[in-house]
Amino acid sequence: MGRPHVLIIPFPAQGHVTPFMKFAYQISDHGIKVTFVNSDFIHEKLVAALPDEDEARSRIGLASIPDGLGPGEDRKDSLKLTDSILRVMPGHLKELIEKVNNSNDDEKITCVIADSAFGWALEVADKMGIKRVAFCPFGPGSLALAFHIPRLIEAGLLNTTDGSLLNHEFICLAKDIPAFISNRLPWSCPTDPTLQEICFRLAFKAIQVMNLSNWLLSNSVYELDSSACELIPNILSIGPLLASHHLGHYAGNFWHEDSTCIGWLDKQPAGSVIYVAFGSLAIFNQRQFNELALGLELVGRPFLWVVRSDFADGSVAEYPDFIERVAENGKIVSWAPQEKVLAHPSVACFLSHCGWNSTMDAIGMGVPFLCWPYFADQFHNQSYICDKWKVGLGLNPDENGFISRHEIKKKIEKLVSDDGIKANAEKLKEMARKSVIEGGSSYKNFQTFVEALKQ
Ligand code: UDP
């Protein structure tokens, strides 16, 4: 038999591709061959944003299959995209596996590692008699709730179409897991009911096919959330997955990283900078965008703000003036090397949307959070950050649902002067560090998994 060869297939979104890529590198460091499969559309983005040294192509095999939509079709139409994926990708995946397996007897694909939202890929592998692994890019708390969906529906507590709560304000799974609040469930999308239905359907489907997988991996740390892990059969926490844990630093970005911000951070005083980033999907309307800009200006501290090209909807008329006014204190980039930023001694806190990967990044670096969740599991992640781990503060909207510049200023000042939160963040950093070194829980789980792959 040749060396083990795994095929990895993430859901087509940055917050899924990134942890999968970090994981791919980690297993490739252990002598396992990896073929990383994206849709053609995502593959093109990755290749366009590849760093010059082109480290990815030399270490990981990048492959792609069609998602069924034409090049110019709107992939922000989630319903159309998910229907198309389900219709065409299983067939293309099967063909790809057959092609690889027929071309080289020594490097046949021995295992498929699929996104927990891609149950269909596990079904393809199952039918082909190949080992199967589900990888969950969000936290165990959200996954634990997903595992309870059938029971909650049976008890009449969940709407079967969009997963909203019926007759209850919240659900409590266990004493140590923050309550799941109505409209702030892991599939909640307050501004987009169709997306909520899709997210709920994906979560429901994910747990239905979980029994097809030989393992379930999670980008988390057992000690961070042992109660939730205990509710999930066969989960192996192997996080935090950080690019700095493997050889090379490629993180599978869709956008070019602007590394000039590291030089800028070098010039700022230690513990002074507010890092502001809302991941890859959050979109602000013009009024809220302006209010955030004015809030950062009002605070008067140095800030590094990631403003993606598609971050604001509508025109942001005052923005050029703002940039001129804050030129001395502020640095704006369209995509940052986030791990390196969070690890930088100049950073004081992270104004974040609380996406699970960003949460793991900042926990791994010991940075306190100011939470501004946007949708889905980000709400519950905020509950962990503020109520369970006590490493951050939340922002309260005004009577019109907006977060005002004054609220931003007040909470940043409160956060940076809170020594208790800083100490808790340091403790979690240490816990995360210990989990991935020899003898730690994530280290042991990862070794167990890699050894099993080699058998
Ligand atoms: N990220 C980055 N640079 C940025 C903003 C984000 O590298 O300027 C990365 C971040 O490290 C994380 C991912 O993008 O791995 C975002 O995932 P997350 O789950 O936090 O949010 P999502 O994009 O899914 O909403």
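For every chain, the first residue of its written sequence is number 1, and the numbers climb from 1 along that sequence. Under the rules for a predicted model, residues below a pLDDT of 70 receive no local features and side-chain atom pairs below 80 are neither given nor counted, while totals for whole chains, interfaces and linings still include all residues. As a rule here, side-chain values come from all non-hydrogen atoms in the structure, and water together with hydrogens is ignored.

The name given to the protein in an unreviewed UniProt entry is UDP-glycosyltransferase 83A1, with Vitis vinifera as the source organism.

Asker: Looking at this structure, how should I read the overall build of the protein?
Answerer: Helix and strand definitions follow DSSP, with helices as H or I runs of at least four residues and strands as E runs of at least two, each counted in order from the N terminus. Per the secondary structure count, the protein includes 18 helices and 15 strands. Radius of gyration here uses only the C-alpha atoms, and the compact-globule reference equals 2.2 Å multiplied by the residue count raised to the power 0.38. Here the protein has a C-alpha radius of gyration of 22 Å; the compact-globule value for 455 residues is 23 Å, and the two agree. Relative accessibility decides the category of a residue: with a 1.4 Å probe and only protein chains considered, values under 20% of the type maximum give buried, values over 50% give exposed, and everything between is partly exposed. With 455 residues in all, the protein has 58% of them scored as buried. By the convention used here, residues are in contact when the closest approach between their heavy atoms is within 4.5 Å. Across the protein, contacts joining residues at least 24 apart in sequence account for 70% of those joining residues at least 6 apart.

Asker: Would you take a moment to explain the sheet that holds strand β11 (residues 303-306) for this structure?
Answerer: Think of it this way: DSSP has to see at least two bridges between two strands before they count as a pair. Strand order in the open sheet formed by six strands is β12-β11-β10-β13-β14-β15, with parallel pairing between adjacent strands. Where the open sheet ends on each side, the last strands, each with one partner, are β12 (330-333) and β15 (392-394). Here the strands of the sheet are splayed against their neighbours by 15° on average, with no regard to which way each runs. As defined by bridge partners, strand β13 (residues 347-352) adjoins strand β14 (residues 369-371) across three bridges and the pair is classed as parallel. By the bridge assignment, F350 is partnered in β14 with F369. Every axis in this analysis is a line fitted to C-alpha atoms, fitted for helices over the stretch in contact. Angles between the N-to-C directions lie between 0 and 180 degrees. This element, helix α11 (residues 286-299), spans β10 (273-277), β11 and β13 of the sheet and lies at about 165° to β11. Where helix α15 (residues 378-388) meets the sheet, its contacts fall on β14 and β15, and the angle it forms with β15 comes to roughly 125°.

Asker: Whenever I open this one, the site of the ligand confuses me. Can you help?
Answerer: The full set close to the ligand counts 17 residues, and S280, A336, N357, S358 and D361 are the nearest of them. Between the ligand and W356 there is a distance of 3.5 Å, counted from an oxygen atom to a backbone nitrogen or oxygen. Definition of a polar contact: a pair of N or O atoms within 3.5 Å, with one able to donate and the other able to accept a hydrogen when the atoms are protein atoms, and with sequence-neighbouring residues admitted only if both atoms are side-chain atoms. Between the ligand and the protein, one listed contact pairs an oxygen atom with a side-chain N or O atom of N357 at 2.8 Å. When the ligand is considered free in solution it has 530 Å² of accessible area, and contact with the protein chains removes 94% of it. Listing elements by their share of the shell around the ligand, those giving two or more residues are α1 (14-28) and α14 (356-365). If you tally residues by element for the shell around the ligand, the top one is α14, at four residues. Residues are grouped as follows: Ala, Val, Leu, Ile, Met, Phe, Trp, Tyr, Cys and Pro are nonpolar; Asp, Glu, Lys and Arg are charged; every other residue, Gly included, is polar. Considering only residue class, the shell around the ligand consists of five nonpolar, 11 polar and one charged. The rule for a residue being near a molecule or strand is that one of its heavy atoms must lie within 4 Å of it. Every accessible area reported is derived by Shrake-Rupley at a probe size of 1.4 Å, with residue values counting cover from the shown protein chains alone.

Asker: What is the right way to read the environment of R87 from this model?
Answerer: With respect to the helices and strands, R87 occurs in helix α4 (residues 78-103). A relative accessible area of 59% places R87 in the exposed class. Sequence separation between R87 and S28 is 59 residues, and the spatial gap between their C-alpha atoms is 31 Å.

Asker: When you look at the sheet that holds strand β4 (residues 111-115) in this model, what are you seeing that I'm missing?
Answerer: Hydrogen bonds between backbone atoms are what pair the strands of a sheet, whose relative direction is either parallel or antiparallel. Across the sheet, seven strands lie side by side as β3-β2-β1-β4-β5-β8-β9; this open sheet has parallel pairing. Unpaired on one side and paired on the other, β3 (61-65) and β9 (235-237) mark the two borders of the sheet. Sheet twist, expressed as the mean angle between neighbouring strand axes with direction ignored, is 25°. In this structure, strand β1 (residues 5-9) lies alongside strand β2 (residues 33-39), joined through four bridges in parallel fashion. Paired with L7 across the two strands is T35, which belongs to β2. On top of the sheet, helix α18 (residues 441-454) reaches β1, β4, β5 (131-136), β8 (215-218) and β9; it is set at about 120° to β9, its chief contact.

Asker: Can you help me understand the nonpolar core in this one?
Answerer: Across soluble globular proteins, nonpolar side chains have a tendency to be buried as a group. Take the buried Ala, Val, Leu, Ile, Met, Phe, Trp, Tyr and Cys residues and link them wherever side-chain atoms come within 4.5 Å; each set so joined is a nonpolar core. Membership of the largest hydrophobic core comes to 126 residues, with the highest contact counts inside it found for I8, I9, F23, I27, I113, Y275 and F449. With eight residues, α4 is the single largest residue contributor to this core. Core analysis: the next-biggest nonpolar cluster, separate from the first, contains 30 residues, V276, V307, I412 and I421 among them.

Asker: What am I meant to see in the side chain of S346 here?
Answerer: Within the secondary structure, S346 sits in the loop between α13 (338-343) and β13. S346 sits in the buried class, given a relative accessible area of 3%.

Asker: I would appreciate a short explanation of the packing of aromatic side chains in the present structure.
Answerer: A ring pair, where both rings are aromatic, is described by two values, the distance of the centres and the angle of the planes. Note on ring pairs: Phe, Tyr and Trp rings are taken, using the six-membered ring of Trp, and paired if centres are within 6.5 Å. Classes follow the plane angle, with under 30 degrees stacked, over 60 edge-to-face and the rest tilted. One pass over the structure, following the stated rule, counts 26 aromatic pairs. Members of the aromatic cluster, joined through ring pairs, are F278, F284, F289, F303, W305, F311, F322 and W372. Cation over ring: K45 sits above W255, and NZ or CZ is 5.6 Å from the ring centre. Looking at R287, its charged tip hangs above the ring of F402, at a distance of 3.8 Å from the centre. For a Lys NZ or an Arg CZ to count as sitting over a ring, it must be within 6 Å of the ring centre and within 35 degrees of the ring normal.

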